[in-house]
Amino acid sequence: MKNQTIDLKQVLGLVAEYDEDQQLISPDKPFIVKATFYPGAASNIHRHPYQDEYYKIHEGELELYLDGKWRTLKAGEEAHIPTNAVHGFKNTSSQPTYLTNIHTPGLNFGASLVAMAKLAKEGKVNGTKGFKNLFYLSQHALNYKDTILSVKPPEFVLNVMAKLGALLGYRI
């Protein structure tokens, strides 16, 4: 078994590894990654309309937004995010957090991470702030809305940003 790396450090502040035998798109099997969430790592507030998500913290700590509030997960703790639950994460500590993250079923979640890493590698995105990043990330999010839906910012904002970006020549 060989691991593949998905480098999203510039964009989300994390690096994930998955077994290359896993399918990036799977309607029935989970997509499992071992990830390092570096200090400052963060996601938007979002939901997965057809997937459960799990976190198991191996080392460090992670702030998890779920049920309308933030809570801290520490080493040895786990969290289950049910299908369609509004959630997000951030590492506000000064140390990396090592964890296992599972989306079940995988659907196209793995493919979405690889596509985002490709945008970073091509120099199209280098974070989550700034118009250029927002144009590309909005287009990316709309391509994968069957797997992940943004709550904050709301989808209508992503639609506007994606269309404006395309009008200005930003296309993924």
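In this text the structure is predicted, and so the values were computed from the model without any measurement.

### Some points on the pairing of strand 1 (residues 3-8)
- Note: strand 1 against strand 2 (residues 14-19), 6 bridges, orientation antiparallel. Residue pairing for strand 2: L8 is matched across the bridge by L14.
- Following strand 1, the chain reverses through 5 residues before pairing antiparallel with strand 2; G13 in that reversal takes a positive phi of roughly 80 degrees.

### Topic: helix 2 (residues 131-143)
- Here helix 2 is 13 residues long and its end C-alpha atoms lie 18 Å apart, about the 18 Å a rise of 1.5 Å per residue gives.
- Where helix 2 is concerned, the buried positions are N133, F135, Y136, L137, S138, Q139 and H140.
- Buried residues along helix 2 sit in contact with helix 1 (109-121) and helix 3 (155-167).

### What about the sheet that holds strand 5 (residues 52-59)?
- Pairing within the open sheet is antiparallel, and its 6 strands lie in the order 1-2-3-10-5-8. The open sheet terminates on both sides in strands that have one partner only, identified here as strand 1 and strand 8 (78-81). Neighbouring strand axes in the sheet, compared pairwise and without regard to direction, differ in orientation by 20 degrees on average.
- The strands that helix 1 touches are strand 1, strand 2, strand 3 (31-37) and strand 10 (97-104); relative to strand 1, the one it contacts most, it runs at about 55 degrees.

### Some words on the nonpolar core
- If you look at the biggest cluster of nonpolar residues, it comprises 32 residues, and the most contacted ones within it are I6, L8, F37 and Y55.
- Per-element accounting of this core gives the leading share, 6 residues, to helix 1.
- When residues no more than four places from it in sequence are discounted, the contact partners of L8 are G13, L14, L113, M116 and A117.

### Focus: the packing of helix 1 against helix 2
- In the contact formed by helix 1 and helix 2, the axes pass within 11 Å of each other and the chain directions differ by 160 degrees. Judged on the interaxial angle alone, helix 2 and helix 1 are roughly antiparallel. Judged by the twist between their axes, the crossing of helix 1 over helix 2 is right-handed. When helix 1 is examined against helix 2, the residues S112, A115, M116 and L119 are found in contact with a partner set consisting of Y136, L137 and H140.
- Looking at side-chain class alone, the contact of helix 1 with helix 2 contains 5 nonpolar, 2 polar and no charged residues.

About the thresholds
Residues numbered from 1 in each chain as written. Predicted model: local features only at pLDDT ≥ 70, side-chain atom pairs only at ≥ 80, totals over all residues. Heavy atoms only, no water. Pairing = 2+ DSSP bridges. Helix = DSSP H or I, 4+ residues; strand = E, 2+ residues; numbered from the N terminus. Expected span 1.5 Å × (residues − 1). Buried < 20%, exposed > 50% of the residue type's maximum accessible area, 1.4 Å probe, protein only. Contact = heavy atoms within 4.5 Å. Axes fitted to C-alpha atoms, helices over the stretch in contact; angles between N-to-C directions. Core = buried A, V, L, I, M, F, W, Y, C linked by side-chain atoms within 4.5 Å. Parallel < 35°, antiparallel > 145°, perpendicular 65-115°, else oblique. Left-handed = near helix turned anticlockwise from the far one by under 90°. Nonpolar A, V, L, I, M, F, W, Y, C, P; charged D, E, K, R; others polar.

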